[in-house]
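# Summary of the model geometry
The chain contents come next:
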Amino acid sequence: WYQRRVRGNIFDLNVNMVDEEDIGIVTLDFTIDKERANSMVLIEMTALTGYKFKKARVQDYLMQADQIVSRFDIKEGGQRLQLYIDPSINAGRYELMIPVIEDFTVMNRVSAQVSILDYYNPSARQVGFYSSK
């Protein structure tokens, strides 16, 4: 597994991925500060090359996430996932586990990006990366 922690004034974001057979579990550990609480927070994720987000799998995992995600969209043929965080949540630390399915094998994958941002002020963002080992 690979882990990277990014700290900033806006959000605190920790991203890591555990690889098992043909599925990877990307764990997002993030903090929403008082300024961003009660605002729309968006998390955008890209899938590693050779992986895809699948609606049924993502939905199953999000149902276990204490309903902090109000909506999600999968775009670009499963290559991009957008998670809309419920604006009524309180400031604090949260964790989401997102499954990503291996579609085909790729050697020497590059890192994939995760961004957490204030929907109404997109310049207020934090970016992290994850990879498969």
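The text that follows walks through the structure, step by step, so that each part is easy to find. (Residues numbered from 1 in each chain as written. Predicted model: local features only at pLDDT ≥ 70, side-chain atom pairs only at ≥ 80, totals over all residues. Heavy atoms only, no water.)

## Some details on the sheet that holds strand β4 (residues 41-46)
Taken together, the five strands give an open sheet; going across it, the order is β6-β7-β4-β9-β10, and neighbouring strands pair in antiparallel fashion. Of all strands in the sheet, those with a lone pairing partner are β6 (69-75) and β10 (121-130), marking the two edges. Averaged over all adjacent pairs, the angle separating strand axes in this sheet is 15°, with direction ignored. Alignment of β6 against strand β7 (residues 80-85), held across six bridges, turns out to be antiparallel. Bridge assignment links Ile74 to a residue of β7, and that residue is Leu81. (Pairing = 2+ DSSP bridges. Helix = DSSP H or I, 4+ residues; strand = E, 2+ residues; numbered from the N terminus. Axes fitted to C-alpha atoms, helices over the stretch in contact; angles between N-to-C directions.)

## Considerations on a negative patch on the surface
Together, Asp19, Glu20, Glu21 and Asp22 give the surface a local cluster of negative charge. As for its position among the elements, Glu20 is in strand β2 (residues 11-20). (Patch = residues over 30% accessible without salt bridge, like charges linked within 9 Å, V, L, I, M, F, W, Y side chains within 5 Å. Areas by Shrake-Rupley, 256 points an atom, 1.4 Å probe, with all protein chains shown as cover. Salt bridge = Lys/Arg side-chain N within 4 Å of Asp/Glu carboxyl O. Lys, Arg positive; Asp, Glu negative; His and termini not counted. Charge placed at Lys NZ, Arg CZ, Asp CG, Glu CD.)

## Comments concerning the environment of Ile85
Residue position: Ile85 is located in strand β7. Judged by relative accessible area, which is 0%, Ile85 ranks as buried. Sequence spacing of Ile85 and Gln67 is 18 residues, and the spatial spacing of their C-alpha atoms is 8.8 Å. Dropping the residues within four chain positions of it, Ile85 is found in contact with Phe30, Ile32, Met40, Val41, Ile43, Ile68, Val69, Ser70 and Leu96. (Buried < 20%, exposed > 50% of the residue type's maximum accessible area, 1.4 Å probe, protein only. Contact = heavy atoms within 4.5 Å.)

## Considerations on the pattern of salt bridges
According to the stated counting rule, one finds seven salt bridges in the structure shown. With a closest N to O distance of 2.9 Å, Arg93 and Asp29 form a salt bridge. Taken together, the residues span a long stretch of sequence, with Arg93 in strand β8 (residues 92-102) and Asp29 in strand β3 (residues 23-32) at a distance of 64 residues. Beyond isolated ion pairs, a larger network of salt bridges with shared partners links Asp12, Asp29 and Arg93.

## Thoughts on the packing of aromatic side chains
Per the stated rule, a full pass over the model turns up three aromatic pairs. With a centroid separation of 5.1 Å and 85° between ring planes, the pair formed by Tyr119 and Tyr120 is classed as edge-to-face. With relative accessibility at 40%, the residue Tyr119 sits in the partly exposed group. Cluster of aromatic residues (ring-pair linked, three or more members): Tyr84, Tyr119 and Tyr120. Cation over ring: Arg71 sits above Tyr84, and NZ or CZ is 4.3 Å from the ring centre. (Phe/Tyr/Trp six-rings, centres within 6.5 Å; stacked < 30°, edge-to-face > 60°. Lys NZ or Arg CZ within 6 Å of the ring centre and 35° of its normal.)

## Digging into the nonpolar core
The biggest cluster of nonpolar side chains holds 32 residues, and the ones touching the most others in it are Leu28, Phe30, Met45, Leu83 and Leu96. For this core, the secondary structure elements donating two or more residues are β2, β3, β4, α1 (55-62), β6, β7, β8 and β9 (112-118). The contact partners of Phe30, leaving out residues within four places of it in the chain, are Asp12, Leu13, Ile43, Ile68, Ile85, Gly92, Arg93, Tyr94, Leu96 and Ile116. (Core = buried A, V, L, I, M, F, W, Y, C linked by side-chain atoms within 4.5 Å.)

## Here we look at unusual backbone geometry
One non-glycine residue, Glu21, lies in positive phi territory at about 45°. On the secondary structure map, Glu21 appears in the loop between β2 and β3. Accessibility expressed as a relative area gives 78% for Glu21, which makes it exposed. Within the chain, Glu76 stands out as a residue other than glycine whose phi angle is a positive 55°. Tracing the sequence through the fold places Glu76 in the loop between β6 and β7. Accessibility expressed as a relative area gives 54% for Glu76, which makes it exposed.

Everything listed here is a matter of geometry and, on its own, says nothing about what the molecule does.
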